[in-house]
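Chain by chain, the residues run as shown.
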Amino acid sequence: PKLLSVRRGDTEYCLSAIPLGGYVKMAGENPDDQPQGATDEFLSKSKWQRFQILMAGPAMNMVLAVLLLAAFGLVMVSSASIAIAEGSGAGPFYHPIRHVMFLGGGLLLALAFMRLPLLKLQDNSRMLLLLAILLLLAVLVPGFGRRINGATRWLNFGLFGFQVVEAVKLLV
């Protein structure tokens, strides 16, 4: 069902309840329509431009899903940790603020890795494997490796702990 629909020129913008998100119906998108020869018609675009147009909708639906999951996670972290943080004297919003900071840091790292050419990673694959092995051994160094629930799998960086195996999955 349509929640909101706006038509500007020959283009219809629609926000639907199911599936989450919306779609844009361009003029000339339907092959049964008679082409008018206008430059803004879907079929007058190159194949690459049509591909981009078709993929923009699913991509935005994925972005919406990620944003909703991040918001839901923030609500869950907030509701589960306010009493604990207040009891430890850290303030009621200590954990939600850290959660937002780490979400932002993860986003920045994702953007940085998106810009990194794959050939550069392939050229340095042996060095990355050596780095992965060194990180796995670093958890065994007293004071640097952190024991949680009986397992020493974390590195202690002061402000945050880092589970080495997660980085090794990416490096190998």
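Worth saying up front: this structure is predicted, and the values here are computed from it rather than measured. Within each chain, residues carry numbers counting from 1 in the order of the written sequence. For a predicted model such as this one, the threshold for reporting local features is a pLDDT of at least 70, and the threshold for listing and counting side-chain atom pairs is 80 or more; totals across whole chains, interfaces and linings nevertheless cover every residue. Side-chain measures were taken over the full set of non-hydrogen atoms in the model, leaving aside hydrogen atoms and water.

A. View of a nonpolar patch on the surface. Patch construction takes residues with relative accessible area above 30% that form no salt bridge. Like charges are linked within 9 Å, and nonpolar side chains (Val, Leu, Ile, Met, Phe, Trp, Tyr) are linked within 5 Å. Accessible areas in this description were obtained via Shrake-Rupley with a 1.4 Å probe; residue shielding takes into account the shown protein chains only. Salt bridge, as used here, is a side-chain nitrogen of Lys or Arg placed within 4 Å of a carboxyl oxygen of Asp or Glu. Taken together, the side chains of M127, L129, L130, I133, L134, L137, L140 and V172 present a nonpolar region at the surface, about 810 Å² in accessible area. Labels follow the DSSP assignment, with helices taken as runs of H or I lasting at least four residues and strands as runs of E lasting at least two, numbered in each case from the N terminus. Structurally, the position occupied by M127 is in helix 4 (residues 125-138). Judged by relative accessible area, which is 58%, M127 ranks as exposed. Each residue is assigned to one of three classes by its accessible area relative to the maximum for its type, calculated with a 1.4 Å probe on protein chains only: buried under 20%, partly exposed between the two thresholds, exposed over 50%.

B. How the structure looks around the confidence of the model for the chain. A residue's pLDDT is the confidence the predictor assigns to it, expressed on a 0 to 100 scale. In the predicted model, the chain carries a mean pLDDT of 83, and the fraction of residues at 70 or more is 95%. Mean pLDDT in the chain bottoms out at strand 3 (residues 21-25), which sits at 60, and peaks at helix 2 (residues 94-115), which reaches 91.

C. A look at the packing of helix 1 (residues 47-87) against helix 2. Simply put, an axis is a line fit to the C-alpha atoms, just over the touching stretch for a helix, and the angle between two N-to-C directions goes from 0 to 180 degrees. Where helix 1 contacts helix 2, the two axes come as close as 7 Å, and the packing angle between them is 150°. Seen along the crossing, helix 1 lies across helix 2 with a hand that is right-handed. Here helix 1 contributes A70, G73, L74, V77, S78, S81 and A85 to the contact with helix 2, which in turn contributes Y94, H95, P96, H99, V100 and L103. Under the grouping applied here, Gly and all other residues not named as nonpolar or charged are polar, the nonpolar ones being Ala, Val, Leu, Ile, Met, Phe, Trp, Tyr, Cys and Pro and the charged ones Asp, Glu, Lys and Arg. Grouping the amino acids of the contact of helix 1 with helix 2 by side-chain chemistry returns eight nonpolar, five polar and no charged. Note on convention: the crossing is left-handed when the near helix lies turned anticlockwise from the far helix by less than a right angle, right-handed when the turn is clockwise. Any two residues having at least one pair of non-hydrogen atoms within 4.5 Å are treated as being in contact.

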